[in-house]
Amino acid sequence: MLRLRARFGHGVQAFYFRDIVRPRILGTPPVGRLDDDSAEIHVLTSQTDWINLVWTLKSFYAESSRRFLLSIHGDPTLPDDAARQLRNHFPEARVITSSEADDAVLPTLREHPNCYAFRSRNALARKIFDFRHFLRGQRIALFDSDLLFFSAPAAWLAHLERRAAKVNVFNGDVSTAYAVPLEKLHEHFGEVIGDVNSGFGIVYPESLRLDWLEEFLSIPGMLGGHFWRIEQTLFALCSARFGVVLLPEDYRVYLEPGLDGRPFRHYVGAVRHLMYSEGMRALAPRLLT
């Protein structure tokens, strides 16, 4: 009964697009030529999310017509076979395994004990330290594995062209979801922007300074905060100090069904089933033919 609820709990359509249609993306051609270094896409993926990531990246490259460099970071759960398939689908990308990243990144953090502790204990810390460490492009194009693109993300791309306005950019969250309450962050640092969602954005590497991160991780309660929210809080704090704006409303995370002409949607956990029944259903005729 529990297994049936897990498979059909969000309806037959979600089951069909998740279990039948979704794997068909693995039969589509690889993405060639990734040579635009004005930004480099960095994304962390896992055993459960890597097929979704193929949809994320193929929808982005198809709709944007841009060919940004790409680095895919595997968390400790990513199987070797999944890493091989990702390399086959994105042959010009780097697929960085968890052990490779540990060997490269952890030694650089030994003089910053809070950073070292966070990176050692929390898989999502890789989005902060590993993305910065392995960056080859001019900026980090920050992606999660649960994004889908239905047209070119024009507002996001426009920020990449505004080189004079050097600020980090994020999509807005449903509400502020940080590891420490926003009012406590204001007490420590003054004005801190709320509603930052670290699933989609543009991040300048110089905004992720190790001395800043060490300072922010020393805030009481930060390292003991919600596992999923610490790196998002760090992105918000670094960006508040460096400079930050949020993307327009049609890029914001929302929990209701329907696309309403939006160019993009971040299918966070609460609406992950809609990634299949809504998002992949809309994209299948374009990506699977």
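Structure shown above.
Reading the values: the criteria
Residues numbered from 1 in each chain as written. Predicted model: local features only at pLDDT ≥ 70, side-chain atom pairs only at ≥ 80, totals over all residues. Heavy atoms only, no water. Helix = DSSP H or I, 4+ residues; strand = E, 2+ residues; numbered from the N terminus. Phe/Tyr/Trp six-rings, centres within 6.5 Å; stacked < 30°, edge-to-face > 60°. Buried < 20%, exposed > 50% of the residue type's maximum accessible area, 1.4 Å probe, protein only. Lys NZ or Arg CZ within 6 Å of the ring centre and 35° of its normal. Salt bridge = Lys/Arg side-chain N within 4 Å of Asp/Glu carboxyl O. 1 Å grid on protein atoms, 1.4 Å probe; cavity = no way out; pocket = protein on both sides within 12 Å on 5 of 7 lines; lining within 4 Å. Points joined across faces, edges and corners; volume = space filled by probe spheres on them. Nonpolar A, V, L, I, M, F, W, Y, C, P; charged D, E, K, R; others polar. Contact = heavy atoms within 4.5 Å. Core = buried A, V, L, I, M, F, W, Y, C linked by side-chain atoms within 4.5 Å. Polar contact = N/O pair within 3.5 Å; in protein donor to acceptor, adjacent residues only side chain to side chain.

Things to note about the environment of alanine 82
Looking at the secondary structure, you find alanine 82 in helix H4 (residues 80–89). As a C-alpha pair, alanine 82 and isoleucine 51 span 31 residues in sequence and 8.4 Å in three-dimensional space.

Re the packing of aromatic side chains
This model, assessed by the stated rule, comprises 20 aromatic pairs. Arranged with centres 5.7 Å apart and planes meeting at 35 degrees, the rings of tyrosine 204 and phenylalanine 242 form a pair that is tilted. Taken as a pair, tyrosine 204 in the loop between strand E7 (196–203) and helix H10 (210–217) and phenylalanine 242 in helix H11 (residues 230–242) lie far apart in primary sequence, 38 residues in all. Accessibility expressed as a relative area gives 22% for phenylalanine 242, which makes it partly exposed. Here the aromatic cluster, defined as three or more aromatic residues joined through ring pairs, consists of Phe60, Tyr61, Phe68, Phe143, Phe149, Trp156, Phe200, Tyr251 and Phe264. Directly above the aromatic system of tryptophan 212 lies the positively charged group of arginine 241, at a separation of 5.3 Å from the ring centroid.

Details of the pattern of salt bridges
In total, this model carries 23 salt bridges according to the counting rule given. Residues aspartate 81 and arginine 84 are paired through a salt bridge, measuring 3.7 Å at the closest nitrogen-oxygen approach. Here aspartate 81 and its partner arginine 84 are both found in helix H4, three residues apart, which amounts to about one turn of the helix. Of the residues examined, aspartate 81 reaches a relative accessible area of 40% and is grouped as partly exposed. On the basis of relative accessibility, which here comes to 47%, the residue arginine 84 falls in the partly exposed class. Connected through shared salt-bridge partners, Asp102, Arg119, Arg126 and Asp130 make up one network.

Some words on the layout of surface pockets
If you add up the space inside the largest pocket, you get close to 860 Å³. Leu124, Asp144, Asp146, Trp228 and Arg272 are the residues nearest the centre of the largest pocket, which is lined by 34 residues in total. For the lining of the largest pocket, the secondary structure elements donating two or more residues are strand E1 (36–45), E7 and H11. For the lining of the largest pocket, the element with the most residues is E7, which contributes three residues. In terms of residue class, the lining of the largest pocket is made up of 11 nonpolar, 14 polar and nine charged.

Let's talk about helix H6 (residues 113–121)
The set of residues buried in H6 consists of Cys115, Ala117, Phe118 and Arg119. Contact partners of the buried residues in H6: helix H5 (98–105), helix H7 (126–134), H10 and H11.

Brief notes about the nonpolar core
If you look at the biggest cluster of nonpolar residues, it comprises 54 residues, and the most contacted ones within it are Trp55, Phe143 and Trp156. The dominant element in this core, judged by the number of residues it contributes, is helix H3 (residues 50–64), at eight residues. Judged by nonpolar contacts, the second largest core, of 39 residues, contains Phe131, Phe134, Tyr178 and Ala179.

Notes on the side chain of histidine 89
As for its placement among the helices and strands, histidine 89 is situated in helix H4. At 3.3 Å, the side chain of histidine 89 forms a polar contact with the backbone oxygen of leucine 26. Residue contacts for histidine 89: discarding those within four places in its chain leaves Ile25, Leu26, Thr28, Pro30, Val31, Val54 and Lys58.

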